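Each chain, letter by letter, is given below.
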Amino acid sequence: MIFDILTLFPGMFTGPLTESILKRARQAGLIQVRLHNIRDWATDRHRTTDDAPFGGGPGMVMKPEPLAACIRAVLTLPPEAATPPPVILLTPDGEVFTQAIAQELAATERLLLVCGHYEGVDERVREALITRELSIGDYVLTGGELAAMVVVDAVARLVPGVIDAESVAEESHSDGLLEYPHYTRPAVWEGRQVPPVLVSGHHGEVAKWRRRERLRRTLLRRPDLLERAHAAGRLTPDDLAWLAGLGWAP
Ligand code: ADE
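Residues numbered from 1 in each chain as written. Predicted model: local features only at pLDDT ≥ 70, side-chain atom pairs only at ≥ 80, totals over all residues. Heavy atoms only, no water.

**Observations regarding the nonpolar core**
Then comes step 1: In this structure, Phe3, Ile31, Phe97, Leu105, Leu113 and Val155 are the most contacted members of the largest nonpolar core, which totals 32 residues.
Then comes step 2: Secondary-structure elements contributing two or more residues to this core are strand 1 (2–7), helix 2 (20–27), strand 5 (87–96), helix 4 (99–106), strand 6 (110–115) and helix 6 (145–156).
Then comes step 3: Broken down by element, this core gets its largest block of residues, eight residues, from helix 6.
Then comes step 4: Setting aside chain neighbours within four positions, we find Val155 in contact with Met1, Phe3, Phe97, Ala102, Leu105 and Ala106.
Then comes step 5: The next biggest cluster of nonpolar side chains, apart from the first, holds 17 residues, and it includes Ile38, Ala68, Val74 and Val121. (Core = buried A, V, L, I, M, F, W, Y, C linked by side-chain atoms within 4.5 Å. Buried < 20%, exposed > 50% of the residue type's maximum accessible area, 1.4 Å probe, protein only. Helix = DSSP H or I, 4+ residues; strand = E, 2+ residues; numbered from the N terminus. Contact = heavy atoms within 4.5 Å.)

Structure below.
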């Protein structure tokens, strides 16, 4: 999968792309990340990419010409595809990024991620060239770069081969429930015991305990997710009976 990142600060991506799983995925050729400096498409002597807002007010706005030229140039890069890739702007007023969106994006061959900066991007570029707008949460960052890294990270790990398929299937949010608690050796640490069922060797009992702990944790921390899982028909009669015992009624 190819990620084309359009940014005024390509240097910000060095750390996340050169460590750990993203580094390995790149080396294995499972993902490719191409960085494009929007400033390279500015044509004036000072290579200007921003200007004061029409109508006045604080801050600066990203100018339409360099950004549009950059997006159009990147869209012409190989590989050619039957359908053009999504052009995604990272912006605090976008649709909130979720695991479901990560899964949807992981199914595409290529993504363009456009990092907004300053007070925002000239609205006409958004209308003309951006196909989707994503926010990583209800807070304001200094720019879209960290948000783009979050999207790359969450999507890349869903690309087949990047991490173990089983860990993707069982993790928090993958099926709308939070994850069960994890334990490793030693079996007793500072007087705290691992739940006995986990060392019992009964795989069926372990699976049942884990399912119940996922339900308990989701009920305590994110009851909104439980409502959604129920509405989507993802809770079994066993789940509902266990939840009823915990005092939850849909
Ligand atoms: N740019 C600034 N804040 C952002 C956010 N929360 N999500 C995506 N892009 C942003």
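**Looking at the domain arrangement of the chain**
Then comes step 1: Entries for the chain in the domain assignment read domain 1 (2–165) and domain 2 (175–245).
Then comes step 2: For domain 1 and domain 2, the distance between their C-alpha centres works out to 36 Å. (Domains from an automatic or database assignment.)

**What to know about the environment of Ala42**
Then comes step 1: Mapped onto the elements of the fold, Ala42 is located in the loop between strand 2 (32–37) and strand 3 (50–51).
Then comes step 2: Taking the C-alpha atoms as reference, Ala42 lies 46 Å from Asp224; in sequence the two are 182 residues apart.
Then comes step 3: Leaving out residues up to four positions away in the same chain, Ala42 has contacts with Arg47, Thr48, Thr49 and Pro66.

**Re the pattern of salt bridges**
Then comes step 1: Counted under the stated rule, the structure contains 14 salt bridges.
Then comes step 2: Asp4 is paired through a salt bridge with Arg34; the nearest N and O atoms lie 2.7 Å apart. Linking Asp4 in strand 1 with Arg34 in strand 2, this pair joins segments that are 30 residues apart in sequence.
Then comes step 3: Residue Arg126 is joined to Glu133 by a salt bridge in which the shortest nitrogen-to-oxygen separation is 2.6 Å.
Then comes step 4: By relative accessible area, which is 12% here, Arg126 ends up buried.
Then comes step 5: Residue Glu133 is classed as partly exposed on the basis of its relative accessible area of 22%. (Salt bridge = Lys/Arg side-chain N within 4 Å of Asp/Glu carboxyl O.)

**Description of unusual backbone geometry**
Then comes step 1: Here the bond from Pro78 into Pro79 is cis, since omega is 0 degrees, no more than 30 degrees from zero.
Then comes step 2: Topologically, Pro79 is positioned in the loop between helix 3 (64–75) and strand 5.
Then comes step 3: A cis amide bond links Arg185 to the next residue, Pro186, at an omega of 0 degrees.
Then comes step 4: Mapping Pro186 onto the fold places it in the loop between helix 7 (165–170) and strand 9 (188–189).
Then comes step 5: Even without being a glycine, Arg47 presents a positive backbone phi close to 50 degrees.
Then comes step 6: Along the chain, Arg47 falls in the loop between strand 2 and strand 3.
Then comes step 7: For Arg47, a relative accessible area of 36% translates into the label partly exposed.
Then comes step 8: You will see that Glu190, though not glycine, has its phi angle at about 50 degrees, which is positive.
Then comes step 9: Tracing the backbone through its elements, the reader meets Glu190 in the loop between strand 9 and strand 10 (192–193).
Then comes step 10: When its relative accessible area of 65% is taken as the criterion, Glu190 is described as exposed.

**Some words on the sheet that holds strand 7 (residues 120–121)**
Then comes step 1: The three strands lie next to each other as 3-4-7, forming an open sheet whose pairing is mixed. Two strands lie at the open edges of the sheet, namely strand 3 and strand 7, each paired on one side alone.
Then comes step 2: Of the pairings in the sheet, the one linking strand 3 to strand 4 (residues 61–62) comprises two bridges and is antiparallel in character. Paired with Asp51 across the bridge in strand 4 is Val61. (Pairing = 2+ DSSP bridges.)

**Re the sheet that holds strand 8 (residues 132–135)**
Then comes step 1: Reading across the sheet, the five strands line up as 2-1-6-5-8 and stay open at both edges, with parallel pairing between neighbours. A strand with exactly one partner marks an edge of an open sheet, and here the two such strands are strand 2 and strand 8. The average undirected angle you get between the axes of adjacent strands in this sheet is 35 degrees.
Then comes step 2: Sheet topology places strand 5 next to strand 8; five bridges connect them, and they run parallel. The residue bridging Ile88 from the neighbouring strand is Arg132, located in strand 8.
Then comes step 3: Its contacts with the sheet put helix 3 on strand 1, strand 2, strand 5 and strand 6, and the angle it makes with strand 6 is roughly 165 degrees. (Axes fitted to C-alpha atoms, helices over the stretch in contact; angles between N-to-C directions.)

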